[in-house]
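# A structural walkthrough
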Amino acid sequence: MKLDELDRAIIGALVEDARSTYAEIGGQVGLSAPAVKRRVDRLVQSGAITGFTARVEPAALGWTTEAYVELFCQGKTSPSAIGLAVARHPEVVSACTVTGEADALLHIRATDVRHVEEVIERIAAEPFVARTKSAIVLTRLIANEPRVT
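Just so we're clear, the structure is a prediction, and the values are computed from it rather than from any experiment.

### Overview of the pairing of strand S3 (residues 104-110)
For S3, a buried count of six out of seven residues is recorded, marking the element as mostly surrounded by other parts of the structure. Pairing of strand S2 (residues 92-97) with S3 involves five bridges; the strand directions are antiparallel. When the bridges of S3 are listed, Val92 appears paired with Ile108. Here S2 folds back onto S3 in antiparallel fashion, the turn holding six residues, of which Gly100 has a positive phi close to 100°.

In structure tokens:
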């Protein structure tokens, strides 16, 4: 779907505060509340908007430690096989294939360093994992959400 400037402005308003009313968003973008609702419905129907959610501070849930783990796989392990395996670990908050030596990069959140170690041990036990390389996050310098331009 091709987004016009009004669609982008509406999405930007929703990214900023998904709890805004259609009337509030309409005031920002120059449309009536019903017109904003129709556009939001169309954006959801087309898949441009994939859902609405609450952002939660991980520390509030006790997840105060995070790490990035590079996975090095044996043979030709498919991305889907890696994804299925690492999705079984709730501490893995994101995973992607990457360029370079590693086959995949995982972002892990845990309660403490020992918990991170346990997660890495569980993942390393997957039959396709040859080795891992990890880095614990000390200070998150920038934590931006995607912006609509």
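Picking up after the structure, the text goes on.
### Structural notes on the packing of aromatic side chains
Applying the stated rule across the entire model yields zero aromatic pairs. It is Arg131 that lies over the ring of Phe72; its NZ or CZ is 3.8 Å from the centre.

### Section: the packing of helix H1 (residues 5-16) against helix H2 (residues 22-29)
Following both chains from N to C, one finds H1 and H2 inclined at 130°, their axes separated by 10 Å at the closest point. Considered as vectors, H1 and H2 are oriented oblique to each other. Crossing of H1 over H2 shows right-handed handedness. Across from Leu6, Ala9, Ile10, Ala13 and Leu14 in H1, the residues of H2 making contact are Ile25, Gln28 and Val29. Looking at the contact of H1 with H2, its residues break down into seven nonpolar, one polar and no charged.

### Describing helix H5 (residues 113-124)
Here H5 spans 16 Å end to end across twelve residues, near enough to the 16 Å set by a 1.5 Å rise per residue. Of all the residues in H5, the buried ones are His115, Val116, Val119, Ile120 and Ile123. The buried side chains of H5 occupy one side of the element, clustering within an arc of 140° when seen end-on. Against strand S1 (65-73), S2, S3 and strand S4 (129-136) lie the buried residues of H5. Of the residues flanking the start of H5, the one acting as N-cap is Asp112, its side-chain oxygen 3.3 Å from the backbone nitrogen of Arg114.

About the thresholds
- Residues numbered from 1 in each chain as written.
- Predicted model: local features only at pLDDT ≥ 70, side-chain atom pairs only at ≥ 80, totals over all residues.
- Heavy atoms only, no water.
- Buried < 20%, exposed > 50% of the residue type's maximum accessible area, 1.4 Å probe, protein only.
- Helix = DSSP H or I, 4+ residues; strand = E, 2+ residues; numbered from the N terminus.
- Pairing = 2+ DSSP bridges.
- Phe/Tyr/Trp six-rings, centres within 6.5 Å; stacked < 30°, edge-to-face > 60°.
- Lys NZ or Arg CZ within 6 Å of the ring centre and 35° of its normal.
- Axes fitted to C-alpha atoms, helices over the stretch in contact; angles between N-to-C directions.
- Parallel < 35°, antiparallel > 145°, perpendicular 65-115°, else oblique.
- Left-handed = near helix turned anticlockwise from the far one by under 90°.
- Contact = heavy atoms within 4.5 Å.
- Nonpolar A, V, L, I, M, F, W, Y, C, P; charged D, E, K, R; others polar.
- Expected span 1.5 Å × (residues − 1).
- Arc of directions from axis to C-beta.
- Polar contact = N/O pair within 3.5 Å; in protein donor to acceptor, adjacent residues only side chain to side chain.

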